[in-house]
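Residue-level listing of the chains:
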Amino acid sequence: MPDEQNTLNLYYDHYKDTQEMIRSYIAKRDKYTIILLCVVAVISYVTIDSATCSQIINEILNHQFGLSAISFRVINAIFLAVLLFVVLQYYQVCLNIEKSYRYIHNVENTLSEISQMNIDRESKSYLNNYPKTQWLAHRFYTYILPIIIIAISIYKLVVELQRDNIAIKIVDGVLICATIICSFAYVIDRICLQKAITWVDIFVVPFRNMVIWLKNHMRCVICFAVFIVLSSVVIYFAIRRFV
């Protein structure tokens, strides 16, 4: 009995420590969300009206810090680097929150078994009658914000590729592509955590199944390919004859 009580106390202390850790993660997530939205807004403004934005930034630097004018290309690269850094920090915090909640669910199950009481504040009780507002907020952190970042980054990449300076294209292109890759990886990681699967299940297993299917239906695939080629040839010569 004393050993069981000690185990219960140990788990409960660990449970409280985990909750405190989650609260600190949530505070960081909220902070990075605000910073990320501000950076995205500035980059969008820089992309739409680069001349005015560069003038405003240089005036602020001149009045506040006494610095001379900085090239727009440098300002643009700095903002892209800041975006990549904030995106990495934001995604890591969000993934830590998700993993910590899943872990604390297991701790609650263990505490319930040891104490013979229903301890489910962060699991069953939290998910019971889940408010739509919280559901929307969860989707915003999980999918909507990364999709917004990906869309803006792709548009920014298209704009940057139209510039004449090759070095600027390379630097900005690397920063933007890194941001897009991190965003895609984050979304995939969230899907893996939600469905309790791995990247192998998403990419390798479907490819392996496709290869197995092709091997089992090789004759059908070859016949279909031959049919497509012959049909294309017939259509080509028919068009050449009647046009």
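Refer to the structure above for everything that follows.
Here the structure is a predicted model, which means the values were calculated and not measured.

Take the overall build of the protein next. The helix and strand tally for the protein stands at 8 helices and 0 strands. Counting from the amino terminus, helix and strand elements in the protein follow one another as α-α-α-α-α-α-α-α. Counting across all 243 residues of the protein, residues that qualify as buried make up 28%. Considering only contacts in the protein between residues 6 or more positions apart, those separated by 24 or more positions represent 71%. Taken as a whole, the protein presents about 16300 Å² of accessible surface, with 67% of it coming from carbon and sulfur.

The next subject is the pattern of salt bridges. Applying the stated criterion across every chain yields a total of 4 salt bridges. One salt bridge connects Arg-190 with Glu-98, and the closest N-O pair in it is separated by 3.0 Å. Here Arg-190, found in helix H6 (residues 166-195), pairs with Glu-98, found in helix H3 (residues 72-115); they are 92 residues apart in sequence, far enough to count as distant. Residue class for Arg-190 comes out buried when judged on its relative accessible area of 6%. On the basis of relative accessibility, which here comes to 16%, the residue Glu-98 falls in the buried class.

Turning our eyes to something else, we now look at the nonpolar core. Counting 26 residues, the largest nonpolar core has Leu-36, Leu-83, Val-87, Tyr-90, Tyr-91, Ile-149 and Tyr-186 as its most contacted members. If you list the elements that add at least two residues to this core, you get helix H1 (2-48), H3, helix H5 (132-160) and H6. Of all the elements, H3 adds the most residues to this core, at 11 residues. The residues touching Tyr-90, leaving out its near neighbours within four places in the chain, are Arg-29, Tyr-32, Thr-33, Leu-36, Tyr-141 and Leu-145. Residues Val-46, Cys-53, Leu-61 and Ile-75 belong to the second largest nonpolar core, which totals 6 residues.

Glancing now at a nonpolar patch on the surface. Residues Trp-135, Leu-136, Ile-144 and Ile-148 make up a contiguous nonpolar surface patch of roughly 350 Å² in combined accessible area. Mapped onto the fold, Ile-144 is located in helix H5.

This part takes up the packing of H5 against H6. With their axes 9 Å apart at the nearest point, H5 and H6 run at an angle of 160 degrees to one another. Considered as vectors, H5 and H6 are oriented roughly antiparallel to each other. By crossing handedness, the relation of H5 to H6 is classed as left-handed. Counted by class, the contact of H5 with H6 contains 15 nonpolar, 7 polar and 6 charged residues.

Once that is clear, we can look at H5. Given 3.6 residues per turn, any residue in an α-helix points the same way as the ones three and four places further on. Here H5 contains 29 residues, and its C-alpha end-to-end distance of 39 Å stays within 8% of the 42 Å for a straight helix at 1.5 Å per residue. Roughly 50 degrees is the biggest bend found in H5, and it falls at Phe-140. For H5, the complete set of buried residues consists of Tyr-141, Thr-142, Leu-145, Pro-146, Ile-149, Ile-150, Ser-153, Lys-156, Leu-157 and Glu-160.

On inspection of all chains with the given rule, the structure shows 3 aromatic pairs. Measuring from ring centre to ring centre gives 5.8 Å for Phe-140 and Tyr-141, while their planes differ by 70 degrees; the resulting arrangement is edge-to-face. Phe-140 gets classed as partly exposed once you look at its relative accessible area, which sits at 25%. The class of Tyr-141 is buried, set by a relative accessible area of 17%. The aromatic ring of Tyr-141 is capped on one face by Arg-29, whose charged end is 3.9 Å from the ring centroid. Positioned over the ring face of Tyr-32 is Lys-31, at 5.1 Å from the centre of the ring.

Let us now look at the side chain of Thr-18. Assignment of secondary structure puts Thr-18 in helix H1. Judged by relative accessible area, Thr-18 falls into the buried class, the value being 3%. Once residues lying within four places of it in the same chain are set aside, the contact partners of Thr-18 are Ser-100, Tyr-103 and Ile-104.

What counts and what doesn't
Residues numbered from 1 in each chain as written. Predicted model: local features only at pLDDT ≥ 70, side-chain atom pairs only at ≥ 80, totals over all residues. Heavy atoms only, no water. Helix = DSSP H or I, 4+ residues; strand = E, 2+ residues; numbered from the N terminus. Buried < 20%, exposed > 50% of the residue type's maximum accessible area, 1.4 Å probe, protein only. Contact = heavy atoms within 4.5 Å. Areas by Shrake-Rupley, 256 points an atom, 1.4 Å probe, with all protein chains shown as cover. Salt bridge = Lys/Arg side-chain N within 4 Å of Asp/Glu carboxyl O. Core = buried A, V, L, I, M, F, W, Y, C linked by side-chain atoms within 4.5 Å. Patch = residues over 30% accessible without salt bridge, like charges linked within 9 Å, V, L, I, M, F, W, Y side chains within 5 Å. Axes fitted to C-alpha atoms, helices over the stretch in contact; angles between N-to-C directions. Parallel < 35°, antiparallel > 145°, perpendicular 65-115°, else oblique. Left-handed = near helix turned anticlockwise from the far one by under 90°. Nonpolar A, V, L, I, M, F, W, Y, C, P; charged D, E, K, R; others polar. Expected span 1.5 Å × (residues − 1). Bend = angle between axes of the 7 residues up to and from the residue. Phe/Tyr/Trp six-rings, centres within 6.5 Å; stacked < 30°, edge-to-face > 60°. Lys NZ or Arg CZ within 6 Å of the ring centre and 35° of its normal.

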